[in-house]
Amino acid sequence: AYLLMADRVVTLSLLAQPSPSPLGVLADALQRGARQGLRRIDEETATSGLLRGIDALSVRMRGVGHMGDAVVVQGLWLVAGDVLYTCLAQGADLDTVDRVQADVAAGLRLPGMEC
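Here the residue numbers are simple positions, counted from 1 along each chain's written sequence. Reporting of local features is limited, given that this is a predicted model, to residues whose pLDDT is at least 70; pairs of side-chain atoms are given and counted only at 80 or more, and all residues count toward the totals for whole chains, interfaces and linings. Calculated side-chain values reflect all of the structure's heavy atoms, with hydrogen atoms and water omitted.

Visitor: Tell me what's going on with the pattern of salt bridges, and back it up with residues and numbers.
Guide: When a carboxyl oxygen of Asp or Glu is within 4 Å of a side-chain nitrogen of Lys or Arg, the pair counts as a salt bridge. Throughout the structure, instances matching the rule amount to four salt bridges. Ionic pairing is found between Glu-44 and Arg-35, a salt bridge with its closest N-O pair at 2.9 Å. For each residue, the accessible area found with a 1.4 Å probe, counting protein chains only, is set against the maximum for its type, and the residue is called buried under 20%, exposed over 50%, and partly exposed in between. Classification of Arg-35 by relative accessible area gives partly exposed; the value is 28%. Between Arg-40 and Asp-42 there is a salt bridge, with the nearest N and O atoms lying 2.7 Å from each other.

Next up, the structure:
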């Protein structure tokens, strides 16, 4: 989905797929996949732990995209049961991408997730 927020475009990708592997096993591959939207990475942070009782990995990357523009990528992955949930937000403005990702994370209602 493409969102237009205050003249800023954010790409939002949401996916749920079967996954027999725990998040710790998948973490490196998920981060590598998120990096594909960037030609150069200037900053990258990753945190893992529980999000409302569900195993979660969160990644923020800032850098330059393949067209030479500034890009921010926010990734959030969660494993609930045997399902991997992916939430990726990407755009040029850090505050806008952060807000979209925070709103998505706050609105999640996954099996086993504490409200």
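Visitor: Talk me through helix H2 (residues 94-107); I want residue IDs and the actual numbers.
Guide: Three or four residues apart is the spacing at which side chains of an α-helix point the same way, because the helix has 3.6 residues per turn. Numbering goes from the N terminus for both helices and strands, where a helix is a DSSP run of H or I of at least four residues and a strand is a run of E of at least two. Expected helix span is computed as 1.5 Å times (number of residues minus one). Helix length check: H2, at 14 residues, gives a terminal C-alpha distance of 20 Å against a target of 20 Å (1.5 Å per residue), a fit within 8%. Taken as a whole, H2 has its buried residues at Thr-96, Val-97, Val-100, Gln-101, Val-104 and Ala-105. For H2, the buried positions fall inside an angular range of 165° around the axis, keeping them on one side. Here the arc refers to the set of directions running from the helix axis out to each C-beta atom.

Visitor: Tell me what's going on with the side chain of Gln-74, and back it up with residues and numbers.
Guide: Checked against the element boundaries, Gln-74 lands in strand E5 (residues 70-80). If we ignore the near neighbours within four places in the chain, the residues touching Gln-74 are Val-59, Arg-60, Cys-87, Leu-88, Ala-89, Val-97, Asp-98 and Gln-101. Any pair of residues with heavy atoms lying within 4.5 Å of one another is described as a contacting pair.

Visitor: Before we move on, could you go through the side chain of Gln-101 and cite the residues and values that matter?
Guide: Following the sequence through the fold, Gln-101 ends up in helix H2. The residues touching Gln-101, leaving out its near neighbours within four places in the chain, are Gln-74, Gly-75, Leu-76, Cys-87 and Ala-89.

Visitor: So what's going on with the pairing of strand E3 (residues 40-51)? Residues and values would help.
Guide: Summarising the sheet, E3 and strand E4 (residues 54-64) pair through 11 bridges and their orientation is antiparallel. Counterpart to Glu-43 in the pairing with E4 is Arg-62. Connecting the antiparallel pair E3 and E4 is a turn made up of two residues, with Arg-52 showing a positive phi of about 50°. Any two strands with at least two DSSP bridges between them are considered paired.

Geometric values such as these leave the question of function open.
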